[in-house]
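So the chains spell out like this:
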Amino acid sequence: MADKLKLPVSALKININLNDFIESSEIAGNEQPILGQSRACSALTFGVAMQSPGYNIFVMGEPGTGRLSMITDHLSKHADQQEAPMSYAYVENFRNQREPVAIQLPAGQGHEFSQSIEKLMDNLLATFPAAFENPAYQQKKAAIERRFNQRYNQAIDLVDEKARSLNVALYRDSEAITFLPLRDNKVLEDDQFTLLPQPERDEFHKRTGQLEEYLSDVLLELPQWRRTMVEEIKRLDKETIEHDIDPLLSELNHHYQNIDDVISYLDELKKDLSATISDFLMPTRNPNQFDLTAKRSLLSEQYMPNVLVDYQPDNGAPIVYEPHPTYQNLFGRIEYLSDQGTLITSYRRICAGSLHKANGGYLILDAEKLLTYPFVWEGLKRALKSARIEIETPYSELGVNTMTLKPEVIPLNVKVILVGSRDIYYLLEDLDDEFNEMFRVLADFDDHIRLNEENFTGFADLMMRQARDSGAKPLTRAAILRLIEHSCRLAEHQKRLSAKVNDSLEIIGEANLMAGQNNQPQIDKAEVEMALAARESRNGRIAEEILEEMLDGTILIDTEGEVIGKVNGLTVLEIGGSSFGAPARITATVYPGSRGIVDIEREAELGQAIHTKGVMILTGYLGHCYAQQFPLAISASIAMEQSYGHIDGDSASLAELCCLVSALTRLPIQQGIAITGSINQYGEVQAIGGVNEKIEGFFSLCQARGLTGQQAVIIPKSNRRNLMLKQEVIEAVEQGLFAIYAVSSVNQTLELLMDKSAGEADQQGEYPEGSINRLVVDRLKEVSEMSEEDEKEESEAE
């Protein structure tokens, strides 16, 4: 029977005929959009085509499957066929500087408009203040000033005439007017005036008072005259400015006549320019205050548009991936400058976020990172529901308020693609009622890819394109075949490739290094093997230490002989990014009583839920197979020896049952055989995970001690398709130094371990005399009778 259960060499890994392998020239150009992900590809195509609100996409899958690059490649084909989105820029709001105005322009015209305004600034600096030095302007301004001076002089002449009639001289020094005494038509000096008799001096003061009153009456309207002159000069300045800027703006108005936002801005700009030119570009105002550079900077800060996004018309729709989705990076931010200790800002300090850059296209976000940062998830939902982008300070709700800008909102039309794991998708679905309204399309990436002809070719093509695009040496057919075997091993399936294609792509880079070091023109199977071996060596310190402890007897594991109540189980240890198999001794003891089967790991709080479930199933199996005619009364303890950490999984339940049967029947178990597999209550052996690592872990120990040909591993028959063993194990099996058995029942396992017939029950439920199962029934019946006698004695004693 053992020979029937022994697996042939051909079953130990996938077998691909190199002669059937497609030539490289036939592979080139045979590109698939998303390798082996037809379901996800179909969902992406549907989500991209649906333009209704709420049809955003959640890409569900595990990291390392190449989701991001595949999604980007898939979207690029659709985005290239779409129109480029509108450009947006912020400009000054001349009526309310705290609320900058958003301008919408056709694609590609954002920076063109900025250059037009920059050219306008240059023309303004060339035109002003030169326009005010024009002779025509100077003549008009002089005429206005002359009219004012004439009216002023006429008023002063009247006062002068009256003063002479009163024998007083009127003296003008700039705008100051002074009255002086006259004697014989000559002005008296101060010392001469003091020599005059007091009555004459008093009379002079009296006349001076009268003249001052008359002067005040005559010049009563002087402020009005001056205001009139200033207003006329301002009007002249405005007319001059408008006359000179109209040609400059008319060209812009004509060029942008079909863009309403630009025309509105140019109208407002024209109104504001008059004041700016009057204040800063007049030759008589602020002399020497601003040089040309300062004037240019001033005009730029006031009038240059702040272009947020501007895509060229032939670029198609944008595809933006935001690797760091903080609130500011996603929605935009307003920067500040420190000016003498004060924080200042303007519309020129508004910075675009990823939503602005992806507007009109596609925005790819990592769901886990998105949920990490505060306010981002709620802000994204708000933006998608309102279909607009609002730049604001997210911390205002917490009472952290600063004086800032409130830019005009921008319309939002974007397709958001969230990339995340299954856990995050189901978490959002459970906890957020709005999630399904926002993300109605699920693109579910499979963990494994079927190894059919199409995907075989697609995988090979992907590997070759990666080598070509990364600058690596070309791959041989044998190298690609080895990469396919490695991918099948990662998938733990002979008919599946692992969806984690990034691991295979990394191997290409590492193998390219090996080829370079060996001066090889191509990457062959040997270089791939070297890269895999080097990776295993880098991550193998703990595995080596555990093996050494087994060899020196620190960890007790036997690989030969027969022992009662002891069996070699198989475990997988996962540490960091590596996993490896290691055998573990499982022991069982049986004694009279009715405590049942005690899981020592559970009692010590080291056994996790699934492991505990596996141990509990043992009681169900014992009752079903052996205790149909008497009560099941047993006390037994099961332990995984020298285990000091948490244990989970039910893959040890088959080994635990065999160990328990050995302890009951006193039949020894061959220690050269290790077991893995879970069971149900009817004794059927079920599949487990990590079968390759488990086999190789026990094989390494046997190989280190010396292969005898009696050593073997028993695995579930349903795990046969998961075998992708290392070549050294396959060679040992081929030479008859090692064996792998695939079982489907507990009875098959017991017969292999104890080299004795298990026995099948007849119609009355009786097992053959001398069989393993008969010995178990007899032992359990004996223990049950002993328990009944003990209970009877206790009741009589009471």
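Above this text you will find the structure in question.
In this text, all values refer to a predicted model and were calculated from it rather than measured experimentally.

A. A look at the pattern of salt bridges. Counted under the stated rule, the structure contains 35 salt bridges. Ionic pairing is found between glutamate 378 and lysine 381, a salt bridge with its closest N-O pair at 3.3 Å. Note that glutamate 378 and lysine 381 are positioned in helix 15 (residues 376-386) at a spacing of three residues, about one turn of the helix. Relative accessible area serves as the criterion here: at 43%, glutamate 378 is assigned to the partly exposed category. The exposure class assigned to lysine 381 is buried, which follows from its relative accessible area of 5%. A salt bridge links aspartate 447 to arginine 422, with the shortest nitrogen-to-oxygen separation between them at 3.3 Å. Residue aspartate 447 is found in the loop between strand 17 (441-444) and strand 18 (448-450), and its partner arginine 422 is found in helix 16 (residues 422-431); the two are separated by 25 residues along the sequence. Classification of aspartate 447 by relative accessible area gives partly exposed; the value is 35%.

B. Region of interest: the sheet that holds strand 8 (residues 319-322). Read from one edge of the open sheet, five strands run 8-13-16-1-17, paired in parallel fashion. The sheet is open, and its two borders are formed by strand 8 and strand 17, each paired with just one other strand. Between one strand axis and the next, the sheet turns through 20 degrees on average, direction left out of account. Bridging between strand 13 (residues 362-366) and strand 16 (residues 415-420) involves five bridges; their strand directions are parallel. Note on strand 16: the bridge partner recorded for leucine 365 is leucine 418. Sheet strands touched by helix 4 (residues 67-79): strand 1 (57-60), strand 8, strand 13 and strand 16. Its angle to strand 13, the strand with the most contacts, is close to 170 degrees. Lying on the sheet, helix 16 is in contact with strand 1, strand 16 and strand 17; it crosses strand 1 at an angle near 140 degrees.

C. Here's a closer look at the pairing of strand 8. Burial of strand 8 is one-sided: the residues Val320 and Glu322 facing one way are buried, the residues Ile319 and Tyr321 facing the other way are not. Sheet analysis places strand 8 next to strand 13, joined by four bridges and oriented parallel. By the bridge assignment, valine 320 is partnered in strand 13 with leucine 363.

D. Structural detail: the nonpolar core. Of all hydrophobic cores here, the largest spans 54 residues; its most connected members are Ile117, Leu120, Leu124, Phe128 and Ile277. Residue assignment for this core shows that the elements contributing at least two residues are strand 3 (101-105), helix 5 (110-127), helix 6 (135-165), strand 4 (168-173), helix 8 (198-218), helix 9 (222-255), helix 10 (260-280) and helix 11 (292-303). The dominant element in this core, judged by the number of residues it contributes, is helix 9, at ten residues. The residues contacting leucine 120, other than those within four sequence positions of it, are Leu248, Leu249, Leu252 and Leu269.

E. Geometry of helix 4. For helix 4, built from 13 residues, the straight-helix expectation of 18 Å at 1.5 Å per residue is met to within 8% by its first-to-last C-alpha distance of 18 Å. Listing the buried residues of helix 4 in full gives Arg67, Met70, Ile71, His74, Leu75 and Ala79. The buried residues of helix 4 all sit within an arc of 165 degrees when viewed along its axis, so they share a single face. Where helix 4 is buried, its residues contact helix 3 (38-49), strand 1, strand 8, strand 13, strand 16 and helix 20 (501-517).

F. Seen up close, the packing of aromatic side chains. If you walk through the whole model with that rule in mind, you get 17 aromatic pairs. Between the aromatic rings of phenylalanine 94 and tyrosine 265, the centroid separation amounts to 6.1 Å while the plane-to-plane angle is 15 degrees, which identifies the pairing as stacked. Of this pair, phenylalanine 94 sits in the loop between strand 2 (87-91) and strand 3 while tyrosine 265 sits in helix 10; the two residues are 171 residues apart in sequence, bridging distant segments of the chain. Of the residues examined, tyrosine 265 reaches a relative accessible area of 4% and is grouped as buried. Residues tyrosine 626 and tyrosine 767 carry aromatic rings whose centres are separated by 6.2 Å and whose planes lie at 55 degrees to one another, so their mutual orientation is tilted. Here tyrosine 626 is found in helix 24 (residues 609-626), whereas its partner tyrosine 767 is found in the loop between helix 28 (746-754) and helix 29 (772-797), with 141 residues between them in sequence. Like tyrosine 767, tyrosine 626 is buried.

G. Quick peek at helix 26 (residues 691-705). The end-to-end C-alpha separation of helix 26 is 22 Å, in line with the 21 Å expected for 15 residues at 1.5 Å each. The element helix 26 is extensively covered by neighbouring structure, given that eleven of its 15 residues are classed as buried. Two residues or fewer after helix 26 comes glycine 706, characterised by a positive phi angle close to 110 degrees.

H. Examining the packing of helix 9 against helix 10 more closely. Where helix 9 meets helix 10, the axes come as close as 10 Å, and the angle between the chain directions of the two elements is 150 degrees. Considering their axes alone, helix 9 and helix 10 lie roughly antiparallel with respect to each other. Crossing of helix 9 against helix 10: the hand is right-handed. Residues Lys238, Ile241, Ile245, Asp246, Leu249, Leu252 and Asn253 of helix 9 touch helix 10, and the partners they reach there are Ile263, Leu266, Leu269, Lys270, Leu273, Ser274, Ile277 and Ser278. Split by residue class, the contact of helix 9 with helix 10 holds nine nonpolar, three polar and three charged.

I. A look at the layout of surface pockets. By volume, the second largest pocket is sized at about 800 Å³. What lines the second largest pocket is a set of 34 residues, and nearest its centre among them are Thr571, Val572, Leu573, Met640 and Ser643. For the lining of the second largest pocket, the elements supplying multiple residues, two or more each, are helix 22 (541-551), strand 21 (566-575) and strand 22 (578-591). Its residues assigned to classes, the lining of the second largest pocket comprises 18 nonpolar, nine polar and seven charged.

J. Local environment of unusual backbone geometry. The backbone of asparagine 167 sits at a positive phi, close to 60 degrees, despite the residue not being glycine. Within the secondary structure, asparagine 167 is located in the loop between helix 6 and strand 4. Accessibility expressed as a relative area gives 32% for asparagine 167, which makes it partly exposed. Even without being glycine, phenylalanine 375 reaches a positive phi, approximately 70 degrees. Topologically, phenylalanine 375 is positioned in the loop between helix 14 (367-372) and helix 15. Judged by relative accessible area, phenylalanine 375 falls into the partly exposed class, the value being 27%.

K. Structural context of the packing of helix 19 (residues 477-491) against helix 21 (residues 525-538). Running from amino to carboxyl end, helix 19 crosses helix 21 at an angle of 35 degrees, the nearest separation of the two axes being 7 Å. Where helix 19 approaches helix 21, its residues Ala478, Ala479, Arg482, Leu483 and His486 are matched on the opposing element by Lys525, Val528, Glu529 and Leu532. Taken together, the residues that form the contact of helix 19 with helix 21 break down as five nonpolar, one polar and three charged.

So, how was this worked out
Residues numbered from 1 in each chain as written. Predicted model: local features only at pLDDT ≥ 70, side-chain atom pairs only at ≥ 80, totals over all residues. Heavy atoms only, no water. Salt bridge = Lys/Arg side-chain N within 4 Å of Asp/Glu carboxyl O. Helix = DSSP H or I, 4+ residues; strand = E, 2+ residues; numbered from the N terminus. Buried < 20%, exposed > 50% of the residue type's maximum accessible area, 1.4 Å probe, protein only. Pairing = 2+ DSSP bridges. Axes fitted to C-alpha atoms, helices over the stretch in contact; angles between N-to-C directions. Contact = heavy atoms within 4.5 Å. Core = buried A, V, L, I, M, F, W, Y, C linked by side-chain atoms within 4.5 Å. Expected span 1.5 Å × (residues − 1). Arc of directions from axis to C-beta. Phe/Tyr/Trp six-rings, centres within 6.5 Å; stacked < 30°, edge-to-face > 60°. Parallel < 35°, antiparallel > 145°, perpendicular 65-115°, else oblique. Left-handed = near helix turned anticlockwise from the far one by under 90°. Nonpolar A, V, L, I, M, F, W, Y, C, P; charged D, E, K, R; others polar. 1 Å grid on protein atoms, 1.4 Å probe; cavity = no way out; pocket = protein on both sides within 12 Å on 5 of 7 lines; lining within 4 Å. Points joined across faces, edges and corners; volume = space filled by probe spheres on them.

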